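# Coordinates in review
Listed below are the residues making up each chain.
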Amino acid sequence: MLNGIMVGVWPESKSFSDDGYGPIPSKWKGICQNDIDTRFHCNRKLIGARYFNKGYAAIVGSKLNASFNTPRDNDGHGTHTLSTAGSNLVAKASAFGFGKGTAKGGSPRARVATYKVCWPPVGGEECFDADILAAFDMAIHDGVDVLSVSLGGEPIDFFNDSIAIGSFHAIKHGIVVVCSAGNSGPADGTVVNIAPWQITVGASTMDREFPSIVVLGNDMHYKGQSLSNKVLPHQKFFPLISAADAKVANASVQTALFCQAGAIDPKKAAGKVLVCLRGLNGGVEKGQQASLAGAVGMILANDIFADNEILVEAHVLPASNINYTDGLTVFTYINSTKNPTAYITPVTTQIGTKPAPFMAAFSSKGPNTITPEILKPDITAPGVSVIAAYTEAEGPTNEDFDKRRVQFNSLSGTSMSCPHVSGIVGLLKTLYPNWSPAAIKSAIMTSATTLDNLNEPILNASNIKAGPFSYGAGHVQPNLAMDPGLVYDLTPTDYLNFLCTLGYNETLISLFSKNTYKCPNPINLANFNYPSITIPNLVGPITVTRTVKNVGSPGTYRAKVMRPMGISIYVKPQKLKFEKAGEEKTFSVTLKVKNAQAIKEYVFGELIWSDNVHYVRSPIVVKAV
């Protein structure tokens, strides 16, 4: 399996060692583009690397020098995501000594390649359409099986979306394209990469934490997290001060509270534990400012938007990030105590934490603002505090002041969850080389779970029940995706018909199809054979059809429906009998509003087809008008 990724790489990383690998597959047509950067090398694991900067060069002009002409990863993003998807096994890996274990990618024996398309920002952009499309074309030419795209902009029409256009051409060649959902949550309607031919991945937590306990002088304990390997003297309490109370005379309270550069007075902060508020600038930058002001430690309190979402960061001083509610209590303690004190315990690694997963606050959410009939994101996967390989060209925080160098680092984002699914796709492609991209996507979606490790509904970062606009079909379950029972399949022609329903003319469709395509008439978007059912404007009764293909043993599947509030649903037939693999059956789902007055927002349900071995689950999303 050949896994391509749309970013750079640090080839010296142990994650891309080719120990135990045989010759490069004969199907591979790629190259190692190291004509300028002769130190860059490929091998039997990292079998290809290219860079694309002509679109970028057209903007920056003479500023583009030879240092840009390399697929080398200078900021860590590409190395981290590529190793998450397909790293070889690396023993004794850790981030600053925490999370020790054997690192490996989702498809650890996969061959990998990188296509670097992003460069230092200019005019607010860093990844240009011309370079993205050129990279897609070359990845198709080279012979990749999976493309992992941890990129995204704003949700826009498909004919203006270079990732949507490029990924369409990829799926026409049987290449599965996996994309990040975006990091603009928790606001609704922020999800990107919303084309139905892409697998769009949200971010959720895993059951591993790096706790560092904040202990106040009144003996109250609050669990935060950190990756700081700096520690305070054992159980020694220090004076505690809010950053707002430690501001220099000419700084605003807000500037100080967020611990921004030059806002903290060393005369007030020296020798104390400083409490900073998360937001505006980076957490490690806040810690650096606290350290420059002489603080011995930092408590980083979440703002209301982050709530319970904790970002594990490699702080430069003893520090712990605590949630919003605990932060309020700490500020209350400071304001109500004459001599407040605090102690921060050393960081440890904790596995098996509960509840997990829950949705990251930053993970972008639906509804899909371009085609609301298509539920996005499709799936969620681990994207918080993910440890993977890293560049050694930068420090782990990418801050100019950070001179540390690490082989592995912890990062959070849908950029991190995307390659988890890419690795799973790689395994499925190996098991089922003849499955279409849509069949693989269906297997992943319909086998997902909406429950956490307490067997309760998955929550969001505010401890509120999450839903399909957060996690799509649910949290990915790789082992169950190997044997989904039934799949909802689609072909490139089906996707072209989908574009027809949007009113695309021949000129626009030509961006996706090399040949002239004549739209059939009529087409009903509600009948698009997607693994989820979304009706954004339900007025009268509507009947939609779906077709499932048996990819397992013979069996009889029965329908079970969990109805959205205020909606009646009828499935016909109620039973599907399959006598052989590859057999297809069509069914209909009729939805009707029972009480429109009671339905003010989207409501959610699910349809499950089961033979008591497989549970083929599809989300149902409805908004009554």
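Predicted model, so just to flag it, every value in this text is computed and none were measured.

## A short note on the overall build of the protein chain
The number of helices and strands found in the protein chain is 14 helices and 31 strands. A compact globule built from 625 residues should have a C-alpha radius of gyration of about 25 Å, and the protein chain, at 25 Å, falls within 12% of that. For the protein chain, the C-alpha atoms occupy an extent of roughly 75 × 65 × 45 Å along the three principal directions. Among the 625 residues that make up the protein chain, the fraction classed as buried is 60%. In the protein chain, of all internal contacts separated by at least 6 residues, the share reaching a separation of at least 24 is 71%. For the protein chain, the accessible surface area stands at approximately 25100 Å², while carbon and sulfur atoms represent 52% of it. Considering the protein chain, the positive charge centre built from 54 side chains and the negative charge centre built from 48 side chains are found 4 Å apart.

## Side note on the side chain of T81
Position of T81 among the secondary structure elements: in helix 2 (residues 77-86). You can call T81 buried: its relative accessible area is 0%. A polar side-chain atom of T81 sits 3.1 Å from the main-chain carbonyl oxygen of G78.

## Structural notes on the UniProt feature "domain: PA" (unreviewed entry) in the protein chain
Mapped onto the present numbering, the UniProt feature "domain: PA" (unreviewed entry) falls on residues 255-328. The span residues 255-328 is 30% helix and 19% strand, and its two end C-alpha atoms sit 18 Å from each other.

## Topic: the domain arrangement of the protein chain
Domain assignment breaks the protein chain into domain 1 (2-205 + 357-482), domain 2 (211-348) and domain 3 (486-490 + 529-624). Taking only C-alpha atoms, the centre of domain 1 and the centre of domain 3 are 31 Å apart. Domain 1 puts 23 residues into the contact, and the matching count from domain 3 is 19 residues. Contact between domain 1 and domain 3 buries roughly 1700 Å² in total, counting both sides, with carbon and sulfur atoms accounting for 66%. Joining domain 1 to domain 3, the criterion identifies 0 salt bridges.

## So, helix 9 (residues 414-431)
The α-helix advances 3.6 residues per turn, and as a result positions three or four apart in sequence lie on the same side. Relative to the 26 Å expected for 18 residues at 1.5 Å per residue, helix 9 spans 26 Å between its end C-alpha atoms, a close match to the ideal helical length. Helix 9 sits mainly inside the fold: 14 of its 18 residues count as buried.

## Focus on the sheet that holds strand 25 (residues 542-550)
A sheet is described by the order of its strands in space; here 4 strands give the open sequence 23-25-29-27, paired in antiparallel fashion. Every other strand in the sheet has two partners, leaving strand 23 (486-487) and strand 27 (567-572) as the edge strands with one partner each. Across 2 bridges, strand 23 lies against strand 25 in antiparallel orientation. The partner of L486 across the bridge, within strand 25, is N550.

## As for helix 3 (residues 129-142)
The end-to-end C-alpha separation of helix 3 is 20 Å, in line with the 20 Å expected for 14 residues at 1.5 Å each. Among the residues of helix 3, D131, I132, A135, F136, A139, I140 and D142 are the ones counted as buried. Remark: G143 follows helix 3 within two positions and exhibits a positive phi of approximately 105 degrees.

## A short note on the pattern of salt bridges
Counted under the stated rule, the structure contains 15 salt bridges. Between R72 and D37 there is a salt bridge, and its shortest N-O distance comes to 3.0 Å. In this pair, R72 is assigned in the loop between helix 1 (54-60) and helix 2 and D37 in the loop between strand 1 (2-5) and strand 2 (46-51), connecting sequence segments 35 residues apart. Summarising the burial analysis for this pair, R72 and D37 share the class buried. The structure contains a network of salt bridges with shared partners spanning E12, D37, R39 and R72.

Criteria and thresholds
Residues numbered from 1 in each chain as written. Predicted model: local features only at pLDDT ≥ 70, side-chain atom pairs only at ≥ 80, totals over all residues. Heavy atoms only, no water. Helix = DSSP H or I, 4+ residues; strand = E, 2+ residues; numbered from the N terminus. Rg over C-alpha atoms; globule rule 2.2 N^0.38 Å. Buried < 20%, exposed > 50% of the residue type's maximum accessible area, 1.4 Å probe, protein only. Contact = heavy atoms within 4.5 Å. Areas by Shrake-Rupley, 256 points an atom, 1.4 Å probe, with all protein chains shown as cover. Lys, Arg positive; Asp, Glu negative; His and termini not counted. Charge placed at Lys NZ, Arg CZ, Asp CG, Glu CD. Polar contact = N/O pair within 3.5 Å; in protein donor to acceptor, adjacent residues only side chain to side chain. UniProt positions renumbered as here; feature names shortened; annotations may be inferred. Domains from an automatic or database assignment. Buried area = accessible area lost by both parts, 1.4 Å probe. Salt bridge = Lys/Arg side-chain N within 4 Å of Asp/Glu carboxyl O. Expected span 1.5 Å × (residues − 1). Pairing = 2+ DSSP bridges.

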